[in-house]
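# Structural features, examined
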Amino acid sequence: TGTLLADVYGLNVSRTSRDQYAQSEKIEKADLQQGDLVFFNTRRRGRGVSHVGLYLGNGYFTHAGSSSGVTISNLEDSYWNSKYIGSGRINQAVIAGK
């Protein structure tokens, strides 16, 4: 997500999903727009953000995994829906305040 945000939107964000979550302005799932971030807890144990994707629109997001590489998934898929934590929007004002 960091590379995409930098290349497409000119936004530089922290590397980790947890830091990106902290930097984002929280938004409702129903208010997602292309370029927003979606956050998940994909750990079997533990809590908090462990994975992030970039929202594409129409319920789809792109994300990267160590075993599957870069993929496109749907937020309503049972796996991702159950792991969903929240959504956020990155803007320069939020980044500048970090």
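Residues numbered from 1 in each chain as written. Predicted model: local features only at pLDDT ≥ 70, side-chain atom pairs only at ≥ 80, totals over all residues. Heavy atoms only, no water.

Before going further, it helps to spend a moment on the pattern of salt bridges. On inspection of all chains with the given rule, the structure shows two salt bridges. Across the salt bridge formed by Lys-29 and Glu-76, the nearest N and O atoms sit 3.7 Å from each other. Of this pair, Lys-29 sits in the loop between β1 (25-27) and β2 (37-40) while Glu-76 is found in the loop between β5 (69-74) and α3 (78-83), placing the two residues 47 residues apart along the sequence. As a salt-bridge pair, Asp-36 and Arg-89 come within 2.8 Å of each other at their nearest N and O atoms. (Salt bridge = Lys/Arg side-chain N within 4 Å of Asp/Glu carboxyl O. Helix = DSSP H or I, 4+ residues; strand = E, 2+ residues; numbered from the N terminus.)

Space inside the largest pocket adds up to approximately 330 Å³. At the level of secondary structure, the elements contributing two or more residues to the lining of the largest pocket comprise α1 (2-9), α2 (17-23), β3 (51-57) and β4 (60-65). Looking at side-chain class alone, the lining of the largest pocket contains four nonpolar, ten polar and one charged residues. (1 Å grid on protein atoms, 1.4 Å probe; cavity = no way out; pocket = protein on both sides within 12 Å on 5 of 7 lines; lining within 4 Å. Points joined across faces, edges and corners; volume = space filled by probe spheres on them. Nonpolar A, V, L, I, M, F, W, Y, C, P; charged D, E, K, R; others polar.)

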